[in-house]
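# Per-entry structural report
Here's the letter readout for the chains.
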Amino acid sequence: MKIGGLLIIGLASLIASGYCAAKTTEKVSNIYKTRCANCHGVKANGVPKLQEQSGTSAEEAAARGMASQEKINIYGPALNTISKEDLVYKLKDLRSKDFDSKSYHSVMQKNLKHIEEREGKFSDEKMADYIYTTFGSSTK
């Protein structure tokens, strides 16, 4: 009877761990699609630097779907060419360093904080794994 109970508990924990892993993958997938893809592209192929539209108000730019930023460049480099290990390193680096307030990395660091405030904390390794396995060079 004890062996049967242990077997059932072991099986239940195996199923639960698989379910949790699937939820984590779904979470980082959703975060990438709703947050990261805005700057890094739907296929992680990057978004080119936007050309400033002079004489356009923010309201008019929003209505026409174009950018109106005088001081900030909203673009993200391609992530689909970076190795999984480098993606993990870059995410960890963003969390740990104090960047110059005008650098692209400081903007990304602030974005990461806002994303985690809205969506909750996520693992750098899981996000890197998702980006690499979904968009990386192994999928081409």
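Residues numbered from 1 in each chain as written. Predicted model: local features only at pLDDT ≥ 70, side-chain atom pairs only at ≥ 80, totals over all residues. Heavy atoms only, no water.

This next bit is on the overall build of the chain. The helix and strand tally for the chain stands at five helices and zero strands. Ordering the α and β elements of the chain from the N terminus gives α-α-α-α-α. The proportion of buried residues among the 140 residues of the chain is 25%. Within the chain, contacts between residues at least 6 apart in sequence are counted, and of these 65% link residues at least 24 apart. Accessible area of the chain: about 10000 Å², with a carbon and sulfur share of 57%. (Helix = DSSP H or I, 4+ residues; strand = E, 2+ residues; numbered from the N terminus. Buried < 20%, exposed > 50% of the residue type's maximum accessible area, 1.4 Å probe, protein only. Contact = heavy atoms within 4.5 Å. Areas by Shrake-Rupley, 256 points an atom, 1.4 Å probe, with all protein chains shown as cover.)

Turning our eyes to something else, we now look at the pattern of salt bridges. Evaluated as defined, the whole model comprises six salt bridges. A salt bridge links K121 to E116, with the shortest nitrogen-to-oxygen separation between them at 3.5 Å. It is possible to trace a salt-bridge network through shared partners that takes in R95, E116, K121 and D124. (Salt bridge = Lys/Arg side-chain N within 4 Å of Asp/Glu carboxyl O.)

Following the sequence through the fold, N111 ends up in helix α4 (residues 104–119). Residue class for N111 comes out partly exposed when judged on its relative accessible area of 31%. Along the sequence, N111 and C36 sit 75 residues apart, while their C-alpha atoms lie 9.2 Å from each other.

Right, let's talk about the packing of helix α3 (residues 84–96) against helix α5 (residues 124–135) for a bit. The interhelical angle for the contact between α3 and α5, taken along N-to-C directions, is 140°, at an axis separation of 8 Å. Taken together, the axes of α3 and α5 are oblique relative to one another. At the point where α3 passes α5, the crossing takes the right-handed sense. Taken together, the residues of α5 that come into contact with α3 (itself represented by K84, L87, V88, L91, K92 and R95) are D124, E125, M127, A128, D129, I131 and Y132. (Axes fitted to C-alpha atoms, helices over the stretch in contact; angles between N-to-C directions. Parallel < 35°, antiparallel > 145°, perpendicular 65-115°, else oblique. Left-handed = near helix turned anticlockwise from the far one by under 90°.)

With that out of the way, let us pick up the environment of S96. In this structure, S96 sits in helix α3. A relative accessible area of 58% means that S96 is categorised as exposed. Spatially, the C-alpha atom of S96 lies 9.3 Å from that of Q109, the residues being 13 residues apart in sequence.

Looking now at the side chain of D124. Tracing the backbone through its elements, the reader meets D124 in helix α5. Looking at D124, the relative accessible area reads 7%, which means it is buried. One polar contact links D124 to R95, side chain to side chain, over a distance of 2.6 Å. Residues contacting D124, with those up to four places away along its chain left out, are V88, L91, K92 and R95. (Polar contact = N/O pair within 3.5 Å; in protein donor to acceptor, adjacent residues only side chain to side chain.)

As a further point, take α3. In this model, α3 (13 residues) spans 19 Å end to end at C-alpha, consistent with the 18 Å of a helix rising 1.5 Å per residue. Of the residues making up α3, those classed as buried are L87, V88, L91, D93 and L94. (Expected span 1.5 Å × (residues − 1).)

Below, the discussion takes up unusual backbone geometry. For A44, which is not glycine, the phi dihedral falls at a positive 60°. Among the structural elements, A44 can be located in the loop between α1 (2–40) and α2 (58–64).

Now for the confidence of the model for the chain. For the chain, the mean per-residue pLDDT works out to 74, and 58% of the residues sit at or above 70. Segment residues 68–72 is flagged for pLDDT under 50; beyond a separation of four residues in sequence, or across chains, it makes seven contacts in the model. (pLDDT = per-residue confidence, 0-100.)

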